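Structural characterization, general
What follows is each chain in one-letter form.
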Amino acid sequence: MPAVLRVALPVPLPSLFDYLPPATGVACVGSRVLVPFGRHKLVGVVVAIGAEAAVGSSRLKQVLRLLDDGALLDPELMQTLAWAADYWLGAPGEAYANALPLALREAKPLPPIGDEYWSLSGAGRSEHDAGSRRGGSKALLDLLAAGALSAQELSERQPGWRDAARRLAAAGLLERSERPPLDRPLPPSLAPQLSDEQQQAVAAVGADLGQYQPFLLDGVTGSGKTEVYLALIEQVLAQGRQALLLVPEIGLAPQTVRRLRERLGVIVEVLHSNLSEGDRARAWLRARAGSARVILGTRSAVFTPLPQAGLIIVDEEHDSAYKQQEGFRYHARDLALVRARALGVPVLLGSGTPSLESLANAEAGRYRTLHLRARPGAIRPPQVQIIDMRAQRLEHGMSPALLGAVADTVARGEQALVFRNRRGYAPVLLCHACGWHAGCPRCDRPLTLHAGRRQLICHHCDYRQRVPAVCPTCGAGDLKPQGQGTERLEEALLAQFPQVPVLRVDRETTRRRDAFEQLLATLRDDQPAILVGTQMLAKGHDLPNLTLVAIVGVDEGLHSVDFRAGERLAQLVVQVAGRAGRARKPGRVLLQTHQPEHPLLRSLLAHGYAAAARELLAERRLIQLPPYSHQVLLRAEAPQREQVDAFLAAAHAALPVNAQLQIAGPMPAPMPLRAGRHRGQLLLEASNRSTLHGMLRSWQLALIALPSARKVRWSLDVDPIDLY
Ligand code: ADP
Ligand code: ZN
Ligand code: ZN
């Protein structure tokens, strides 16, 4: 009987596909194959080799070509991916598609894993000597005049260099070459003398190297967590093992890469989605070959092969960026734990504002908690104060007390941050004559006024229109912006403080890749300045002269229907507040609100995040919400409401009868209409995870078979982190 290969293919079906082995070569579990699929050819991964086929073998198609001689994915990764696909109800092929860089999902030979180097050509040297170029091109020619540099070195020294390189290469001035990775050890920079708490943390994790153990490193921004990571990575390297460090965003990466390289003196492989596909595949393959010792990456880097794993670190573990919100909805932090267990290594979750999930795990004894309470170098923690906005004369949403504090700060030559988590000029444009407001026709929500671009933009679906000159309903010219976004605050602060630079940092001002870094670089000096921004400003980046953080309005977070809103708000406030007074100067934080008596704000300000989190956890336990229960959310959307309702009703009817299962819905989603599509959901909850998981696969298969499913777009989200 011929063997049958069970192959995971990148299609959204929760099954494997059977093929006959290729004519030449011997396929093994973990190798890639090119197979016929319908009228297409697809690259898949061999998951199992069996003797029996679901379909009679005679009808099976044959693998067209074997792409790898051995296994590209090792047994640990194969096993983890199978587990992940099962847990998050992904299609097996989708899990592999997430794990493999795009370049490795094509029917091509593996790219060489040498380093990409750039150097001047003869013509380039003459051009450099002539000095006729300007801007980025000149900077790049100058950099390379001293000798060839690797792509990574270029990224560190001249962010955004690739555009210039492309131009210059097209003109024949630069040459690109591929060389074996050159561990060009930098002289490692000196580590600071670790504090007692840092030493204890390093000793605790260090003692468990070589075995699985989760740790929660609880320390605010600036408390020295990164120094703990560095000391541990040094130990891991000394043992000849690999360390994987996950960060929530690439925005955090450039600074961290520099710091890691300078301290450790080794190449740091960076894996994130903004990398070119070639670079990504190379980094992945080097990790697989074991030549990459330190790997730094965002969410999808959790799938990096680690044949000599020593340690996995998840920085800012509470960050929602770790959860993929479409397609294969995995959570990288949770997967990091699964991998650490499979690999038999410790996993370190770091945060100044740990997720309630992790706190509950620590409380239950599943994680060991390590605290960093003192901030090295800081005189004392920032002083936080609530400003009651009620019955105050507000200047574009800012109270006299807030403006006074900003004035004092810049008068002392220091910097102030005015924080508002809303882009644009105003969240609503209202007609004072008739009450009309500009709404998104596709979402049924107000459009945000962007004054600079003279546009009304929907922040949910990106619908755009010009700002009308008069009210479209009554014709009055009395259209008034309501509320404040960062753009309006910027304008108001510019008017109030004409002699001080005012910098706005939000997605609009930092659309270019390096604009954010560049904006912040201008603030390193000891000059007075005012920063206005959204949550992009909440993390990373040491601003030593920043001493005041003024939070303008957090009240939306106190009213949200999402049960996680309180947790998010507490995390955001603490993270933003942490930006004040990082260096020697003490910091001050002002929090403007209409609800100064709100218990969450009270407890946060009086007792800090840990206490507020404890109260939130007690609440969750009381009403049996995650992490004390487990949820699965079925989402559906369609052009017509009836289609959504019909599908959800059928999905509801297809549920098994189970007293342990709580069902909420079918109900409209918190945003019932988005981008012209009606949305609804069905929420399943159980206090016991196995109750849920026991029935999910068969329910999913039943949903796929429903006739009404064909008229809707639907998805299942296991452990959803928001209910939208
Ligand atoms: P976190 O990662 O928690 O934000 P970092 O490790 O980046 O904190 O530390 C914040 C700042 O304090 C950095 O500039 C770091 O170099 C410095 N620092 C950390 N630990 C020490 C120490 N033990 N002695 C002196 N400086 C330290
Ligand atoms: Zn009107
Ligand atoms: Zn919209």
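Going by an unreviewed UniProt entry, the protein chain carries the name Replication restart protein PriA and comes from Rhodanobacter umsongensis. Listed in UniProt under the heading Subunit (unreviewed entry), the comment for the protein chain reads: "Component of the replication restart primosome." Reading the Function (unreviewed entry) entry of the UniProt record for the protein chain gives the comment "Initiates the restart of stalled replication forks, which reloads the replicative helicase on sites other than the origin of replication. Recognizes and binds to abandoned replication forks and remodels them to uncover a helicase loading site. Promotes assembly of the primosome at these replication forks."

1. As for the overall build of the protein chain
Along its length, the protein chain carries 21 helices and 30 strands. Expected size for 724 residues packed as a compact globule is a radius of gyration near 27 Å; at 28 Å, the protein chain falls within 12% of this value. Dimensions of the protein chain, computed from C-alpha atoms along their principal axes, come out at roughly 85 × 70 × 55 Å. In the protein chain, buried positions account for 53% of the 724 residues. Look at the contacts in the protein chain between residues 6 or more apart in sequence, and 75% of them connect residues 24 or more apart. By element, 52% of the accessible surface of the protein chain is carried by carbon and sulfur atoms, the whole surface being about 31300 Å². Treating the 84 positive side-chain charges of the protein chain as one cloud and the 70 negative ones as another, the clouds have centres 3 Å apart.

2. Observations regarding the sheet that holds strand β27 (residues 630-638)
In sheet architecture, strand pairing relies on hydrogen bonds along the backbone and comes in two forms, parallel and antiparallel. Here we have 4 strands laid out as an open sheet, ordered β28-β29-β27-β30, and antiparallel in their pairing. Looking at the sheet topology across the chains shown, the edges are occupied by β28 (662-674) and β30 (713-718). Within the sheet, the average angular offset between the axes of one strand and its neighbour, ignoring direction, is 20°. Along the sheet, helix α20 (residues 641-653) makes contact with β27, β28, β29 (677-686) and β30, crossing β29 at roughly 20°. Where helix α21 (residues 689-705) meets the sheet, it contacts β27, β29 and β30, and its direction lies at approximately 165° from that of β30.

3. With respect to the coordination of the zinc ion (ligand 2)
Distances from the zinc ion (ligand 2) to its protein donors, namely Cys431 (SG), Cys434 (SG), Cys471 (SG) and Cys474 (SG), fall within the range 2.3 to 2.4 Å. Given 4 donor atoms and angles of 106 to 112° at the metal, the environment of the zinc ion (ligand 2) is assigned as tetrahedral. On the accessibility criterion, cysteine 431 (1% relative accessible area) is buried.

4. Things to note about the sheet that holds strand β6 (residues 115-120)
What the 3 strands build is an open sheet, ordered β7-β6-β8; its pairing is antiparallel. Each having just a single partner strand, β7 (149-150) and β8 (174-179) make up the two edges of the open sheet. Contacts from helix α4 (residues 135-145) reach β6, β7 and β8 within the one sheet, and its direction differs from that of β6 by about 100°.

5. Observations regarding the nonpolar core
Ranked by internal contacts, the top residues of the largest apolar core, which has 107 residues, are Leu73, Leu531, Ile551, Leu634, Phe647, Leu684 and Trp699. Residues Leu194, Ala204, Leu230 and Val236 belong to the second largest nonpolar core, which totals 32 residues.

6. Quick notes on the coordination of the zinc ion (ligand 3)
In this structure, Cys440 (SG), Cys443 (SG), Cys458 (SG) and Cys461 (SG) serve as the protein donors to the zinc ion (ligand 3), at separations of 2.2 to 2.3 Å. Along the chain, the residues donating to the zinc ion (ligand 3) fall in the pattern C-x2-C-x14-C-x2-C. Within this pair, whereas cysteine 443 is found in the loop between β18 (428-431) and β19 (448-450), its partner cysteine 458 is found in the loop between β20 (455-457) and β21 (464-466), the two being separated by 15 residues in sequence. For cysteine 458, a relative accessible area of 1% puts it in the buried group.

7. Quick notes on the packing of helix α17 (residues 565-577) against helix α19 (residues 609-622)
For any two helices packed against each other, one specifies the inter-axial angle together with the distance between the axes. Direction vectors running N to C along α17 and α19 enclose 175°, while the axes themselves pass 10 Å from each other. Judged by the angle between their axes, α17 and α19 are roughly antiparallel. Contacts between α17 and α19 involve Gly566, Glu567, Ala570, Gln571 and Val574 from the former and Tyr609, Leu616 and Arg620 from the latter.

8. With respect to the UniProt feature "binding site: Zn(2+) 2" (unreviewed entry) in the protein chain
UniProt records the feature "binding site: Zn(2+) 2" (unreviewed entry) at Cys440, Cys443, Cys458 and Cys461, using the numbering of this structure. On the basis of their most widely separated C-alpha atoms, the annotated residues across 22 residues gather in one place, lying no more than 8.7 Å apart. Within the secondary structure, cysteine 440 is located in the loop between β18 and β19. Those residues in contact with cysteine 440 that sit more than four places away from it in its chain are Arg445, Leu447, Cys458, Cys461 and Tyr463. Those residues in contact with cysteine 443 that sit more than four places away from it in its chain are Cys458, His460, Cys461, Met671, Leu673, Arg674 and Ala675.

9. A few points about the UniProt feature "binding site: Zn(2+) 1" (unreviewed entry) in the protein chain
Taking the UniProt record as the reference, the feature "binding site: Zn(2+) 1" (unreviewed entry) is found at Cys431, Cys434, Cys471 and Cys474. The greatest C-alpha distance among the annotated residues, which extend across 44 residues, is 8.7 Å, indicating that they converge on a single site. Relative to the helices and strands, cysteine 474 resides in the loop between β21 and β22 (479-482).

10. Some details on the site of ligand 1
By nearness alone, 16 residues border ligand 1, and Gln198, Gly222, Lys225, Thr226 and Arg259 come closest of all. For ligand 1, an oxygen atom lies 3.3 Å from a polar atom in the backbone of serine 223. The backbone of glycine 224 places a nitrogen or oxygen atom 2.9 Å from an oxygen atom of ligand 1. Top element by residues in the shell around ligand 1 is helix α8 (residues 225-238). It accounts for 3 residues. Looking at the shell around ligand 1 residue by residue, the class counts come to 4 nonpolar, 8 polar and 4 charged.

11. Remarks on the side chain of aspartate 717
Summarising the element assignment, aspartate 717 is placed in strand β30. Within the local environment of aspartate 717, its side chain forms a polar contact with the side chain of arginine 635, the two groups lying 3.0 Å apart. When near neighbours in sequence (up to four residues on either side) are disregarded, aspartate 717 contacts Lys323, Gln325, Arg329, Gln631, Val632, Leu633 and Arg635.

12. Considerations on unusual backbone geometry
It is generally the case that most residues other than glycine have a negative phi and that most peptide bonds are trans. Residue proline 626 is joined to proline 627 through a cis peptide bond whose omega torsion reads 5°. Looking at the element boundaries, proline 627 is found in the loop between α19 and β27. Despite not being glycine, arginine 454 has its phi angle at roughly 50°, a positive value. The residue arginine 454 is located in the loop between β19 and β20 in this model.

13. A word on helix α11 (residues 332-343)
Its 12 residues place the ends of α11 16 Å apart at the C-alpha level, agreeing with the 16 Å of an ideal helix rising 1.5 Å per residue. Looking at α11, one finds that the buried residues are Ala332, Arg333, Leu335, Ala336, Leu337, Arg339 and Ala340. Its buried side turned inward, α11 meets α1 (75-87), β9 (213-219), β10 (242-246), β13 (309-314), β14 (346-351) and α12 (356-363). Where α11 terminates, the next one or two residues include glycine 344, which has phi positive at roughly 70°.

14. Side note on the pairing of β28
For β28 and β29, the ladder comprises 7 bridges, and the chain directions are antiparallel. In the strand pairing of β29, leucine 673 is matched with histidine 678. Counted between consecutive antiparallel strands, the loop separating β28 from β29 contains 2 residues, among which alanine 675 sits at a positive phi close to 50°.

15. Some details on empty space enclosed by the protein
It is the rolling of a water-molecule-sized probe over the atoms that shows where space remains empty. Summed over the entire model, instances satisfying the criterion amount to 2 cavities of 30 Å³ or more. Taken as a whole, the largest cavity holds about 80 Å³ of empty space. Looking at the largest cavity, the residues that line it are Ala8, Pro10, Arg32, Val43, Gly44, Val45, Gly93, Tyr96, Ala97, Leu100, Leu104 and Arg105. For the lining of the largest cavity, the secondary structure elements donating two or more residues are β4 (40-50) and α2 (92-99). Partitioned by chemical class, the residues of the lining of the largest cavity number 8 nonpolar, 2 polar and 2 charged. Taken as a whole, the second largest cavity spans an internal volume of roughly 60 Å³. Lining of the second largest cavity is provided by Asn98, Ala99, Leu100, Pro101, Leu271, Arg280, Trp284, Ser300, Ala301, Phe303 and Thr304. Listing elements by their share of the lining of the second largest cavity, those giving two or more residues are α2 and α10 (277-289). When the residues that make up the lining of the second largest cavity are grouped by side-chain class, the tally is 7 nonpolar, 3 polar and 1 charged.

Parameters at a glance
Residues numbered from 1 in each chain as written. Chains lettered and ligands numbered in written order. Predicted model: local features only at pLDDT ≥ 70, side-chain atom pairs only at ≥ 80, totals over all residues. Heavy atoms only, no water. UniProt positions renumbered as here; feature names shortened; annotations may be inferred. Helix = DSSP H or I, 4+ residues; strand = E, 2+ residues; numbered from the N terminus. Rg over C-alpha atoms; globule rule 2.2 N^0.38 Å. Buried < 20%, exposed > 50% of the residue type's maximum accessible area, 1.4 Å probe, protein only. Contact = heavy atoms within 4.5 Å. Areas by Shrake-Rupley, 256 points an atom, 1.4 Å probe, with all protein chains shown as cover. Lys, Arg positive; Asp, Glu negative; His and termini not counted. Charge placed at Lys NZ, Arg CZ, Asp CG, Glu CD. Pairing = 2+ DSSP bridges. Axes fitted to C-alpha atoms, helices over the stretch in contact; angles between N-to-C directions. Donors = N, O, S within 2.8 Å, 3.2 Å for Na, K, Ca; no water. Tetrahedral: all angles 85-135°; square planar, octahedral: opposite > 155°, others 65-115°. Core = buried A, V, L, I, M, F, W, Y, C linked by side-chain atoms within 4.5 Å. Parallel < 35°, antiparallel > 145°, perpendicular 65-115°, else oblique. Near = heavy atom within 4 Å. Polar contact = N/O pair within 3.5 Å; in protein donor to acceptor, adjacent residues only side chain to side chain. Nonpolar A, V, L, I, M, F, W, Y, C, P; charged D, E, K, R; others polar. Expected span 1.5 Å × (residues − 1). 1 Å grid on protein atoms, 1.4 Å probe; cavity = no way out; pocket = protein on both sides within 12 Å on 5 of 7 lines; lining within 4 Å. Points joined across faces, edges and corners; volume = space filled by probe spheres on them.

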